[in-house]
Every structure is written in C-alpha cells, then in structure tokens.
Amino acid sequence: MEDTNNNRKFDEILNSTAKQICVIAGPGSGKTTGILIPKAKQIIADSSIAQKNVLLLTFSRLSAIDLQNKVKSIEKVPKASTLHSFCLSFLLTEDNHEIRKRVNSIIMDFEKKVMISDLKLILKNDKKKLRAMLDEFSAGWAIKPHDEVFNEDDEKRQFKAAILNWLSEHEAAMMEEIAYHAVDLATKIDSEFIAEPQYIFVDEFQDLNELEQRFIEILAKSSQLLIVVGDPDQSIYSFKFAYPVGITKFADKENTENHTLPFSGRCSTKILDLANKLLIQFDPTRKKLKTLPNAITGEVQLIQKQYQDEEFEEILTLIDTRLNSDASPKDIFILVPRKKLGIDFVKFATAKKENHHMLVDIVFRFAVKGAFTDREAESVSLLGIIANPEGLLHIRSYLGVGDENHFANEIKVIKKKYGSLKNAIQSVNPNDFDKKSKRVRHVCEKIIRLKEIIALYKNEVPIEKVINDLFPDSVEELLDIRQVLFSLKEVDDTIKSLYSKFIDYTRTIHFDNNVIKVMTLMASKGLEADHVFILGCNDGNIPGKNRSAHLTDHEHKQEQRRLLYVGITRAKKTLAISWSRDLPFRQSKGHHTASIGTVKRDGKTYSRVGLSEFLQDISL
C-alpha cells in the first residue's frame, strides 16, 4: 500500500539500531515532532542514560529555541543548543587555550559598529568599506586556520592586525571564530565535556560549514548514536560558507542508514506544486515533495503592476482582505529579496494603512536582529558590565553610546593620556584635559559615572533590582527589553547567566502579535505563516548580482533559486508573488537592481525590468 504521510519513515527511524542515521527532510516534513523529539525521548527513557549524554544541536537560534521548548515535555530534559553556543561552552570549560581570556565577552552586532568607528581612525577607510572587510574577514575566520586569513596583500594584513589588536585590548571574541578554536582545542586535548554526549542529534546540517561539520565528527567519534537531519534544497548561507555537500558525504559514509521524508505537512497543494516546479526547472529528474491527503488546495497569485507604488498598493489591499477574513497580523509575512525594498514597503504601508481602514494598533515592521536604540544600547551595555565588571568590550560600547562615531577620537585622546582604556578607568580626571576639550571631558565624566554604577552592584544584588534599575517600567522605550528579561529569568539565574541568555535571544527575530512582519527571504528561514507575500520578484532582484568571492555565477544562481524556494515554502495557505515593470531609477541604482533600459513618466526616469527568470517559464 502506498504511503500517504511520513509515519512509516518515522517508525523506521525510531526502531532503527544503526549508530549513524542521515535524514533528508524537506520543509514542513515533521522532522522535529516525528524524529528528533520522539527519538530523544525514547533514548532518555532508559534509566542507564543520563540527561548529559543526550544532545540536540542545530545551526540557527530559532530552531534551538524551538527544540528547547519541545524537550521541556520530556521527564529528563536533554540539552538543546546551537552548535556555536555548544562550542562556546566547551571553550569556557578549559583554561589552556589562546582565546580563553576573550570568550567571556562575545561581540554583539551593535558593538561591531563601535569597533568599526575605532578602526576607521587607524586604517583611514570609510565605514562602508570597513564593514565589507569585516564581513569578509569574519567569514574567513569561520572556516580557515587563522594564520591563513587576510594575508593576500598589505591592506588585508593591516586590517587583520588592527582587528586582532582591538579584540585583544578589549578582551573580546567574535562568534565567527568560536568553531575554529573549538575544533583546534578538541583535537589537542581529551575533554570530558566532549566525551559526555553519546546520543547526538544535529538538525540543519546543510547550513554548517566544513569546520563546523568537522566539529560534529570529533564530537561523535566515540558516540553511540549520531542522527544528522537536513535539506540541501534549503542551503542559502554561502556567505557563511555553508557546505551542503557535507550532508551528501555523510549519507555516503559506510554504515550510515539513509532516509528521505517525501511528504510536507505545511504547504497547501498549489503552493507545494509551485515549489516543486521551481526545483524541477533546474533538475527534471528530481523527485517531487508530496502533500498530505488532507492538504487544502490553497491559493497562489502572480501579480504584475507597471509601477512599484501600484504593486505596493495591491499588496496592501490583499493584506486588508486577509485581515478582514480569517487572519491576524501574526499570520502574515511580507518577504523581500532586498532589505531596502522591505524598508520602502514599511514606509509605504505605514503611510497608507489608514486608507484601508486598518486598526490603529496594527504595525508594519521590518525584521532586524539585535537592533537597539541608543537608550536601549546604553542599558544593555550596563547589564553586560554588571555581569562582567572587568569586561572592557561592554565598557567601550557604553562609552560610545550617543555619538555617530562612538566618541572614537575622544577615547583615543584619553587612552594616549593614560596609556590604555583600562588605566583610564582607574585614573581618569576631567581636569587633566583643557576646558575647551568638552567632548573629551564629557567621556571622562561618563567613565566616572560608570565607576559609581559598578560600585553600586559590586556586592550581589537581586536580579529583579538590576532589571528594575536599568530597564524601569516608567521608560516606554525600555519596556520591550524589560519584558524579555523577566520572561527569560529562571530561579537559579545569575546576572551573568541571564545576560548570556539575552545575548542568544537578540540573535533571533521576535515580534508582538499586532505586528505584520516584513523581512528578507534569508531571514524567513525556519519560520512559517498562513499568508505570505513575496515582493519585488524582478530579474536583477532574484537572482541578484553575484557578489561572492568564492561562488561561480552558476553556483550563485542556484543558491538564489533555493532562496526563492525557501520563501515560497514558508506559506501554509496562500501565497502572492509580485513584481513591477518600471522601478524608480534612483531606487534601482541604489538597490543595484539590473534593468533592460529606462523610460520616462511625468518627467521622472524609471528603470524597466523583467520578471525573475525563475518564474518566467512556470505556470501558476
């Protein structure tokens, strides 16, 4: 009898005695509730197996949080974590390695901006170029021996030296370097931390780079079970050097038992049909994902408008229709191939929503991970300082709040006077500087106030008091973070452990129920919504220009196809894909959208573009 769901596959995996299992699981296959949680529950039910012996790892924080919530139902709760968090915990358990002094302070995204401001004074480059170089350097550090990274020319060697000096001075580490140091240390020592996990589950394996997959290999060297789950069709992180071939190589290993889950329980019939057509367009021999027998038909629309404001208006009208039927704001995603396009849509929708009689409290918001206002950044930095008073990273970040260049020049003057930032914290005196140096004296006064704050919390203080002091309920701007901290706080938490959990939380996108989420296709991975709108599906947007230093044009195009596939398969009930024929010329140039010519309208110039090549030959 032919299967109508994945249940038989689930049973096969649950009853398997193989020590290595590889599962190819497409979107909405039920891998978490059908394999990962039941298998972990089955193993940990054995009284001879301790909680510490079962480990669930994943690439993204979103998936890790999902796993953590689901394993809470198990009597003996196993550890569920991102791979990077596990690597970091390993490095913190050992003292005999070069990064030990730095791993207590992991740089947050807003703190990287502080670093860029300081580097600008040394390297004399503009911030845009420095950010691009930092991204390239971080990616290299994530996959290569560190002495091989950024050695191609004098400019890169100088940049590398400046980064290393800054990290050393501020006793800070970047998350991108953690896996490298974990692999390096794990190959040099025998560690109880590494030996403890005997039953290891790894989700999103296709998103790990070669070095991260190497760490899994070391971790599982003497394990009783290793289950690897992933989907090469959802590999979209080439900028992080993801290695999707790794899951195929794992499947081909001797004694590895292989399974494929052919059914998707997420998407309606029409949506999954479109997703299948997109992949078969590239590889006609591949097998289609199947819907469950009870799947709804659903709805798919391709919307073409002449101008972008017409496209935006049509999407807003459709959103209003969804809201007036069965949908709430949390059921709707707006996905875009480019960040700037999403921001433009948010501005348009916010200005026009009253015309559609939408409720006042409905908000359109672009999803940005770890984005803080100055007021929020100041309080978050103080929380980090109270958690680790000796941490120079958070002190430097705190001192930089409120200035576009993070008081980089002033900090430089102060360090020159006292020898270092650490010395300045001990000896600073505003009167050591001329009264005309108002900005320098301002930073000195800020250091003095900071020392007073540190002294207040020198002795152990209840967590509730710290939260109330730094994030008072009287300051509306701080209420969201206040609420998050109280929701994350557990009985045995210290300020240090709570801050660590908050850092992990900020690397995942979160929204209130009244928010209609606008995000890039990339950011949507791991999420799902009843109604999905994909805007700006013009040729030149998707696929966009290949800016990768390591992908061929062919490889880039196929990853862009997978990116669109990921966006399509976020949708459960309805999907609308839209594009405009003519885009404002300045916008298309600013967004780097390729065009086939220009046209005039009311004295304004527009770029003429075509439909994405991925969609031109697909009938909906």
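In the block above lies the structure referred to throughout.
Just so you know, these numbers come straight off a predicted model, no measurement behind them.

Asker: Give me the lowdown on the sheet that holds strand β2 (residues 54–58), citing residues and values where you can.
Answerer: With respect to topology, six strands assemble into an open sheet ordered β3-β2-β4-β5-β1-β6, the strand pairing being parallel. Two strands close off the open sheet at either side, each with one partner strand: β3 (79–82) and β6 (256–261). Going from strand to strand, the sheet's axes swing by 15° on average, the running direction of each strand aside. Note: β2 against β3, four bridges, orientation parallel. In the sheet register, Leu-57 faces β3, and the bridge partner there is Ser-81. The strands touched by helix α2 (residues 31–44) within the sheet are β1 (20–25), β2, β4 (199–202), β5 (225–230) and β6, with β2 carrying the most contacts at an inclination of about 160°. The strands touched by helix α4 (residues 83–93) within the sheet are β2 and β3, with β3 carrying the most contacts at an inclination of about 105°.

Asker: Before we move on, could you go through the packing of helix α15 (residues 374–387) against helix α16 (residues 392–400) and cite the residues and values that matter?
Answerer: Their axes nearest at 8 Å, the elements α15 and α16 cross at an angle of 155°. Classified by the angle their axes make, α15 and α16 are roughly antiparallel. Between α15 and α16 lies a crossing of left-handed hand. Across the interface between the two elements, Glu-378, Ser-381, Leu-382, Gly-384 and Ile-385 from α15 touch His-394, Ile-395, Ser-397 and Tyr-398 from α16. Per-class residue counts for the contact of α15 with α16 are four nonpolar, four polar and one charged.

Asker: Any details on the packing of aromatic side chains? Residues and values, ideally.
Answerer: Think of a pair of aromatic rings as described by two things: how far the centres are apart, and how the planes are tilted against each other in angle. Per the stated rule, a full pass over the model turns up 17 aromatic pairs. Aromatic side chains Phe-110 and Phe-372 sit 5.5 Å apart centroid to centroid with 85° between the ring planes, which places their arrangement in the edge-to-face category. Placement of the pair is Phe-110 in helix α5 (residues 109–123) and Phe-372 in the loop between β11 (363–366) and α15, with a sequence separation of 262 residues. By relative accessible area, which is 10% here, Phe-110 ends up buried. Ring centres 6.2 Å apart and planes at 50° place the aromatic pair Phe-205 and Phe-250 in the tilted group. Residue Phe-205 is found in the loop between β4 and α10 (210–219), and its partner Phe-250 is found in helix α11 (residues 245–251); the two are separated by 45 residues along the sequence. A single burial state applies to Phe-205 and to Phe-250, both of which are buried. Positioned over the ring face of Tyr-398 is Lys-446, at 5.0 Å from the centre of the ring. Between the NZ or CZ atom of Arg-601 and the centre of the ring of Tyr-307, over which it lies, the distance is 3.7 Å.

Reading guide: rules and limits
Residues numbered from 1 in each chain as written. Predicted model: local features only at pLDDT ≥ 70, side-chain atom pairs only at ≥ 80, totals over all residues. Heavy atoms only, no water. Pairing = 2+ DSSP bridges. Helix = DSSP H or I, 4+ residues; strand = E, 2+ residues; numbered from the N terminus. Axes fitted to C-alpha atoms, helices over the stretch in contact; angles between N-to-C directions. Contact = heavy atoms within 4.5 Å. Parallel < 35°, antiparallel > 145°, perpendicular 65-115°, else oblique. Left-handed = near helix turned anticlockwise from the far one by under 90°. Nonpolar A, V, L, I, M, F, W, Y, C, P; charged D, E, K, R; others polar. Phe/Tyr/Trp six-rings, centres within 6.5 Å; stacked < 30°, edge-to-face > 60°. Buried < 20%, exposed > 50% of the residue type's maximum accessible area, 1.4 Å probe, protein only. Lys NZ or Arg CZ within 6 Å of the ring centre and 35° of its normal.

That's the geometry; what it means functionally is another story.
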